[in-house]
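Listed here are the chains, written in short residue letters.
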Amino acid sequence: MSELAAPRPGPRLTLPRIAGYAERPESEEGKLDRLGRKLIGLGVARTAGLRRHGLSAILTETAQHEAALRPLTDAELRAAAEALRAPLRLAIAQGLPDAKMLGPAFALLREAAERTLGMRHYDVQLLGAFAMLRGAVAEMRTGEGKTLCATLASCTMALAGVPVHVITVNDYLALRDRDLMRPLYDFLGLSTGVVQAGQQEPERAAIYRADIVFGANKEIAFDYLRDRMVLRRNPGNLRRKVERLSAEGPGAVLRMRGLHFALIDEADSVLIDEARTPLVISGSTDVARNQDPGFLRRALRAARQLDEGKDYRIHPNEHRIEITPKGAERLEIMGEYGSGPFRVGVIRDHAVVQALSALHLFHRDNDYVVRDGKVQIVDENTGRIQEDRSWSEGLHQMIELKEDVELTEPRATLSRISYQRVFRRYQRLAGMTGTASDAAWELYSVYGLGVIRIPPHKGDRRRFARDRIFASEAAKCRAIAARTAELHDTGTPVLIGTRSVGASERISAELALAGIAHQLLNAVQDADEAAVVALAGQRGAVTVATNMAGRGTDIKLAPGVAELGGLHVLLTVRHDSRRVDRQLEGRCGRQGDPGRVERMLSLEDELLGSKGARWNRRAARLLRPLGPGVAALAFRARQRRVERMHGRMRHDLLAADRGLGSLLALSGEAE
Ligand SMILES: Nc1ncnc2c1ncn2[C@@H]1O[C@H](COP(=O)(O)OP(=O)(O)OP(=O)(O)O)[C@@H](O)[C@H]1O
């Protein structure tokens, strides 16, 4: 099998192997196959419209069964759900279910949701769920109610006996979504479980035996990687091995029951944004023990002696350090005067690159925080601390050395996989997000997922102000405080979106200076997140948040706030991806609410900060006198460039998946 072997996407028409450890086999795939899929992707991604897929048939089919269900008692409705199991199992086993097969299930779920949650699925939510059960990503605008929509797809699959994974971007959302919808699952007799960081055996394996398992992408992908390691280590026939290792009870060695069906919320974030970082399981081995602190310290000292530009180059957007031939020569000379592993070229150079990365690519209060004497990673996509994760291949220790905190034990890579490969191994995959179309081509060409745009339940009432651009970060912060004060005086609630812990703290300090009471939500100040979010739509509320409030956060407007124009979202940067901006914009104007979006940028913003952005920075400066709208084009152009660059990195990562370790790999404990 070649290094690039990859499974073919597209519907699978065989019965899911519930008894075994389900996953799609990797298949040989030639260059022509891949090229073909990419070309098809171009067409599918663009034309995936509602009519083309005949989705609206689900509405008439569902409506036909609804009237008969309404008079049933709860017990009778439950019995009807039981009776649906067998036909659903058959329908799902035959491949992609059609509207006729799903109509009765959707009608029943709609009725059960109204009784248990007080919410009746809107027609557009039926369309979204149907699209997902047809193996697509449903693009539904932010605030349309994807959480409720997902219950149709997850319950249908679970009733059919297929183990379901509902995957989202963080632990908080996984737990919240399960808890919000739990009355419906309980009513139907479907068991649910939520995997969360920090859970150990035997709890973890027990959770995976639930009908519907909720979890963040990292948790689920790491558990899969662990299971793969266990399976690899145990010789013998796969089937018998799986039976032995997944024995019920505390002795279960395998955590999961395989990869049957994944419903991915925030699909673009999980499948695209996160896919730049490979997952690594690490453990202490002899190789790791060889990396003693003395050697790491020596490498860090060497890195500090090198000159940027001459000996090494920094590529911040690609998160990469390149040693120049001159730098390599200098390191070789240093090696000659060194001792132990520092004399060995490959080991020394690798460690120096990690040291340079620690010094120049990873910044405190941006990529990580130092808390309780420990370096803790802040996830760049979700803004959250990843407690039990560390960077691999000595990078974490280099950052610890840089920050002068106690060194943790270096660990060696035991197993490694990219997100792309984990998700491509699901027998069935579906997703939903508010921002898929920008990523439609990649979703199809990598995962075989078409994007279907679902119309909104109500129109968009958000108003967008023109971008404003300031010469410096300080001027921008002052202007943000002044604008917030203005809005605050009218009682309008304001959500200020920032990019990092550091930026959120700077704005918070500026607001404090202006005497504006506010709430701060970031990786360091994350206590009682639900309470902060609940208050964010109150009259006069001011909330400063990082990306923690970027996706999935449902801010409900207090009475009277809609009359003031709804929530005002103040964006303080453009992110690396337009989709991240759109998610933040989507915190207002939910379910047809009014809302306002305003962006305040500065020429010192991180997006324009790197060397590669010289031209964009210059253009923005020159164009500023012509009006902020024109100068904003330079920001957007840079954003497009970074988006393309990240796309290339994901492509390379997938291609090199089984190759050597990457310095950016995230590692989890091996047990
Ligand atoms: N059918 C329905 N009836 C009544 N309220 C609904 C219905 N569907 C959704 N809602 C409400 O709409 C709000 C938004 O829902 P939700 O947070 O699931 O949106 P979302 O699409 O997931 O948003 P985002 O894209 O930001 O994650 C919630 O307050 C929810 O209770």
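Residues numbered from 1 in each chain as written. Predicted model: local features only at pLDDT ≥ 70, side-chain atom pairs only at ≥ 80, totals over all residues. Heavy atoms only, no water.

Draft legend 1. Structural view of the pairing of strand β10 (residues 374–378). Within β10, four of the five residues are buried, leaving the element largely enclosed by the surrounding structure. Two elements, strand β9 (residues 368–371) and β10, share four bridges in a ladder whose sense is antiparallel. Bridge assignment links Val370 to a residue of β10, and that residue is Val375. In this structure, β10 lies alongside strand β11 (residues 385–386), joined through two bridges in antiparallel fashion. Of the residues in β11, the one forming a bridge with Val378 is Ile385. The antiparallel pairing of β10 with β11 creates a hairpin that spans six residues between the two strands, and Gly383 there sits at a positive phi of about 75°. (Buried < 20%, exposed > 50% of the residue type's maximum accessible area, 1.4 Å probe, protein only. Helix = DSSP H or I, 4+ residues; strand = E, 2+ residues; numbered from the N terminus. Pairing = 2+ DSSP bridges.)

Draft legend 2. Focus on the nonpolar core. Ranked by internal contacts, the top residues of the largest apolar core, which has 58 residues, are Ile58, Phe106, Leu188, Leu190, Ile212, Phe261 and Ile454. Per-element tally for this core: the top contributor is helix α4 (residues 99–117), with 10 residues. Look past the residues within four positions of Leu188 in its chain and what remains in contact with it is Ala81, Glu82, Leu108, Leu109 and Cys155. Ala210, Ile272, Val422 and Phe423 belong to the second largest nonpolar core, which has 45 residues in total. (Core = buried A, V, L, I, M, F, W, Y, C linked by side-chain atoms within 4.5 Å. Contact = heavy atoms within 4.5 Å.)

Draft legend 3. Local environment of the site of the ligand. Near the ligand lie 19 residues; those nearest to it are Lys146, Thr147, Asp554, Arg587 and Arg590. Here Tyr122 contributes a side-chain N or O atom positioned 3.1 Å from a nitrogen atom of the ligand. A distance of 3.1 Å separates an oxygen atom of the ligand from a polar atom in the side chain of Lys556. Compared with its free state, where it exposes 640 Å², the ligand has 87% of that area covered by protein. With respect to the pocket detection grid, the ligand is positioned in the second largest pocket. The element best represented in the shell around the ligand is helix α6 (residues 146–159), accounting for three residues. Taken together, the residues of the shell around the ligand break down into three nonpolar, seven polar and nine charged. (Near = heavy atom within 4 Å. Polar contact = N/O pair within 3.5 Å; in protein donor to acceptor, adjacent residues only side chain to side chain. Areas by Shrake-Rupley, 256 points an atom, 1.4 Å probe, with all protein chains shown as cover. 1 Å grid on protein atoms, 1.4 Å probe; cavity = no way out; pocket = protein on both sides within 12 Å on 5 of 7 lines; lining within 4 Å. Sits in = over half its atoms within 2 Å of the grid points. Nonpolar A, V, L, I, M, F, W, Y, C, P; charged D, E, K, R; others polar.)

Draft legend 4. The arrangement of the layout of surface pockets in detail. Looking at the second largest pocket, its volume works out to about 850 Å³. Every element with two or more residues in the lining of the second largest pocket is listed here: α6, α7 (171–187) and α21 (529–535). At six residues, the largest contribution of residues to the lining of the second largest pocket is made by α7. Structurally, the lining of the second largest pocket is a two-domain feature, drawing no fewer than three residues from each of domain 1 (31–279 + 419–453) and domain 3 (461–653). (Points joined across faces, edges and corners; volume = space filled by probe spheres on them. Domains from an automatic or database assignment.)

Draft legend 5. Representation of the sheet that holds β10 within the structure. Taken together, three strands build an open sheet; the order of strands is β9-β10-β11 and the sheet is antiparallel. Whereas interior strands pair on both sides, the edge strands pair on one side only; in this sheet they are β9 and β11.

Draft legend 6. Representation of the packing of aromatic side chains within the structure. Tallying each qualifying case throughout the model produces six aromatic pairs. With a centroid separation of 6.4 Å and 85° between ring planes, the pair formed by Tyr368 and Trp391 is classed as edge-to-face. Remark: Trp391 occurs in strand β12 (residues 389–391) and Tyr368 occurs in strand β9; sequence separation between them is 23 residues. The two residues Tyr368 and Trp391 agree in class, both being buried. One aromatic cluster is present, built from ring pairs that chain together Phe362, Tyr368 and Trp391. We note Arg78 situated over the ring of Phe187; from NZ or CZ to the ring centre the distance is 4.5 Å. The side chain of Arg348 reaches across the aromatic face of Phe342, ending 6.0 Å from its centre. (Phe/Tyr/Trp six-rings, centres within 6.5 Å; stacked < 30°, edge-to-face > 60°. Lys NZ or Arg CZ within 6 Å of the ring centre and 35° of its normal.)

Draft legend 7. Inspection of empty space enclosed by the protein at higher detail. Evaluated as defined, the whole model comprises five cavities of 30 Å³ or more. Considering only enclosed or pocket space, the largest cavity measures out at about 120 Å³ in volume. As for the largest cavity, its lining consists of 14 residues, and the residues nearest its centre are Asn381, Thr382, Asn547, Gly550 and Arg551. For the lining of the largest cavity, the leading source of residues is helix α22 (residues 578–585), giving three residues. Grouping the constituent residues of the lining of the largest cavity by class yields four nonpolar, seven polar and three charged. Roughly 70 Å³ of internal volume is contained in the second largest cavity. Taken together, Thr147, Ala150, Thr151, Ser154, Val166, Asp177, Met181, Tyr185, Phe214, Leu263, Asp265 and Met432 make up the lining of the second largest cavity. Listing elements by their share of the lining of the second largest cavity, those giving two or more residues are α6, α7 and β5 (261–265). It is α6 that contributes the most residues to the lining of the second largest cavity, four residues altogether. For the lining of the second largest cavity, the class distribution of residues is seven nonpolar, three polar and two charged.

Draft legend 8. A look at the confidence of the model for the chain. Chain-level statistics for the chain give a pLDDT mean of 85 and a share of 86% at 70 or above. Confidence drops under pLDDT 50 across residues 1–19; counting only partners more than four residues distant or on other chains, this segment forms 60 contacts. Ignoring residues within four places in sequence, the model shows residues 658–664, a span with pLDDT below 50, making 24 contacts including any to other chains. (pLDDT = per-residue confidence, 0-100.)

Draft legend 9. Summary view of the sheet that holds strand β4 (residues 212–216). Pairing is parallel in the open sheet, where seven strands are placed in the order β3-β4-β2-β5-β14-β1-β15. The strands lining the two open edges of the sheet, one partner per strand, are β3 (192–194) and β15 (450–453). Neighbour to neighbour, the strand axes of the sheet diverge by 20° on average, direction disregarded. Of the strand pairs in this sheet, strand β1 (residues 136–139) and β15 are connected by four bridges, and their pairing is parallel. Among the inter-strand pairings, Val137 is bridged to a residue of β15, identified as Val451. (Axes fitted to C-alpha atoms, helices over the stretch in contact; angles between N-to-C directions.)

Draft legend 10. Expanded view of helix α15 (residues 345–360). In this model, α15 (16 residues) spans 22 Å end to end at C-alpha, consistent with the 22 Å of a helix rising 1.5 Å per residue. Those residues of α15 not exposed but buried are Arg348, Ala351, Val352, Val353, Gln354, Ala355, Leu356, Ser357, Ala358 and Leu359. Contacts from the buried residues of α15 go to α13 (293–305), β7 (312–315), β8 (320–323), α14 (325–336) and α16 (395–403). (Expected span 1.5 Å × (residues − 1).)

Draft legend 11. Looking closely at α4. Where α4 begins, the capping side chain belongs to Asp98, and its oxygen is found 3.2 Å from the backbone nitrogen of Lys100. Gly118 occupies a position one or two residues after α4 and carries a positive phi of about 75°.

Draft legend 12. Molecular detail of a positive patch on the surface. On the surface, Arg614, Arg618, Arg621 and Arg624 cluster together into a patch of positive charge. Within the secondary structure layout, Arg614 lies in helix α23 (residues 614–623). On the basis of relative accessible area, Arg614 is assigned to the partly exposed category, the value being 42%. (Patch = residues over 30% accessible without salt bridge, like charges linked within 9 Å, V, L, I, M, F, W, Y side chains within 5 Å. Salt bridge = Lys/Arg side-chain N within 4 Å of Asp/Glu carboxyl O. Lys, Arg positive; Asp, Glu negative; His and termini not counted. Charge placed at Lys NZ, Arg CZ, Asp CG, Glu CD.)

Draft legend 13. Here's a closer look at the pattern of salt bridges. Taken as a whole and assessed by the stated rule, the structure comprises 54 salt bridges. Ionic pairing is found between Asp223 and Arg204, a salt bridge with its closest N-O pair at 3.0 Å. Pair noted here: Asp223 is in helix α9 (residues 217–233) and Arg204 is in helix α8 (residues 203–207), with a separation of 19 residues, a long-range link. For Arg204, a relative accessible area of 3% puts it in the buried group.

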